[in-house]
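Residue strings, one per chain:
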Amino acid sequence: MKKQLILILAVVLVGMSSLKSEAQLISAPDFTIGLTLHGNLATNEFTGQMSGAARGENYGALWGRGIGLHAKFGLDKWKNNRLTVGVNYDQFTNSSETGKSFFTTIPSNVPYTSYTMIGGSIGYEYVFGARCKNRPYIGLGVNGTMIQTDAGNNPKGYENAFRIGFELVSGVEFTFGDKSDMAFNLAGKYKLINPILNDNDNTPGNLNLNDGDGQGGSNYIRFIGWVGLELGMNFNFGSKPLTLKR
């Protein structure tokens, strides 16, 4: 009996090894368009108390929120490598008593700070498992940002300024649909927006950001950055059914 069982198992294994099984997969998209909502927390010298902002040590920001639009283009056969371009609108605010959430607009109390960031970026992403349902990714990019302050900014309002910086992102896309043509996007991002083009003005009473390391500022570069949580929806185009034989 034992020999018969061994023989049956051997026949089954040989038969299975001779079969060509097929697995259905969906290819990664050729390109993606997505919309994101942002919850941000100011970092570096961008964040601080009102007293520090008044002395020029920081910019007194705290929480922020915003919206973004991006496009991603697959670069290789399997689309693990992507070129990304995006635009964003983010606003930061802070006061001594309010502004303690992502969703606060202009605080009702003074003094307060309010900054508007309008920017664009171009970058690169690598996708782990680009043909899978859940697609983790990491990326980096270069950004350009117009920095504006609200008319009622206190203790100080600044002239509009354009700066160039860098960003790092890590996230996951959770696809759904027959062809994985849509996805929920959850990501974390760190942006440092003023390593390039920062400058100073030593004219008395100037409204320059004074974020450089020269005379007129705080004698060191005051970096403007933030970390953000991004939640959004992607729309994928160009995905095709794949048949893999093994």
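Everything that follows concerns the structure shown earlier in this document.
Rules of the game
- Residues numbered from 1 in each chain as written.
- Predicted model: local features only at pLDDT ≥ 70, side-chain atom pairs only at ≥ 80, totals over all residues.
- Heavy atoms only, no water.
- Helix = DSSP H or I, 4+ residues; strand = E, 2+ residues; numbered from the N terminus.
- Buried < 20%, exposed > 50% of the residue type's maximum accessible area, 1.4 Å probe, protein only.
- Contact = heavy atoms within 4.5 Å.
- Areas by Shrake-Rupley, 256 points an atom, 1.4 Å probe, with all protein chains shown as cover.
- Polar contact = N/O pair within 3.5 Å; in protein donor to acceptor, adjacent residues only side chain to side chain.
- Salt bridge = Lys/Arg side-chain N within 4 Å of Asp/Glu carboxyl O.
- Phe/Tyr/Trp six-rings, centres within 6.5 Å; stacked < 30°, edge-to-face > 60°.
- Lys NZ or Arg CZ within 6 Å of the ring centre and 35° of its normal.
- Core = buried A, V, L, I, M, F, W, Y, C linked by side-chain atoms within 4.5 Å.

1. A short note on the overall build of the chain
- Scanning the chain for helices and strands turns up 2 helices and 10 strands.
- Going from N to C terminus, the chain has its helices and strands arranged as α-β-β-α-β-β-β-β-β-β-β-β.
- Here the chain holds 246 residues, and the buried ones make up 41% of them.
- Across the chain, the fraction of contacts at a sequence separation of at least 24, relative to all contacts at a separation of at least 6, is 68%.
- If you sum the accessible surface of the chain, you get close to 13100 Å²; carbon and sulfur atoms cover 65% of it.

2. Observations regarding the side chain of Lys189
- Note that Lys189 resides in strand β8 (residues 182-196).
- Accessibility expressed as a relative area gives 18% for Lys189, which makes it buried.
- In this structure the side chain of Lys189 is engaged in a polar contact, spanning 3.4 Å, whose partner is the side chain of Glu230.

3. Focus: the pattern of salt bridges
- Tallied over the entire structure, the rule returns 11 salt bridges.
- Across the salt bridge formed by Arg82 and Glu173, the nearest N and O atoms sit 3.1 Å from each other. Of the two residues, Arg82 sits in strand β4 (residues 81-95) while Glu173 sits in strand β7 (residues 161-176), which places them 91 residues apart along the sequence. Residue Arg82 shares its accessibility class with Glu173, and that shared class is buried.
- When the shortest N-O distance is used, the salt bridge between Lys189 and Glu230 registers 3.4 Å. Within this pair, whereas Lys189 is found in strand β8, its partner Glu230 is found in strand β9 (residues 224-237), the two being separated by 41 residues in sequence.
- Each of the salt bridges in this network shares a partner with another, and the network as a whole consists of Lys72, Arg82, Glu125 and Glu173.

4. Description of the packing of aromatic side chains
- Taken as a whole, this structure holds 8 aromatic pairs when the rule is applied.
- Relative to Phe92, the ring of Phe46 lies with its centre 5.1 Å away and its plane at 70°, an arrangement referred to as edge-to-face. Of the two residues, Phe46 is situated in the loop between β2 (31-44) and α2 (50-54) and Phe92 in strand β4; the sequence distance between them amounts to 46 residues.
- On the basis of relative accessible area, Phe92 is assigned to the buried category, the value being 0%.
- Pairing Tyr126 with Phe128 gives two aromatic rings, centres 5.0 Å apart and planes at 80°, and the pair type is edge-to-face.
- For Phe128, a relative accessible area of 41% corresponds to the partly exposed category.
- In this arrangement the basic side chain of Arg82 is found over the ring face of Tyr137, its NZ or CZ atom lying 5.4 Å from the centre.
- Lying across the ring of Trp78, Arg131 places its NZ or CZ 4.4 Å from the centre.

5. Quick notes on the nonpolar core
- In this structure, Phe46, Tyr59, Phe92, Tyr115, Met117, Leu209 and Ile224 are the most contacted members of the largest nonpolar core, which totals 14 residues.
- Secondary-structure elements contributing two or more residues to this core are β5 (112-127) and β9.
- Leave out the neighbours within four places in its chain, and Phe46 touches Tyr59, Gly60, Ala61, Phe92, Tyr115, Met117, Phe223, Ile224, Gly225 and Trp226.
- The next biggest cluster of nonpolar side chains, apart from the first, holds 6 residues, and it includes Ala28, Val127, Tyr137 and Ala187.

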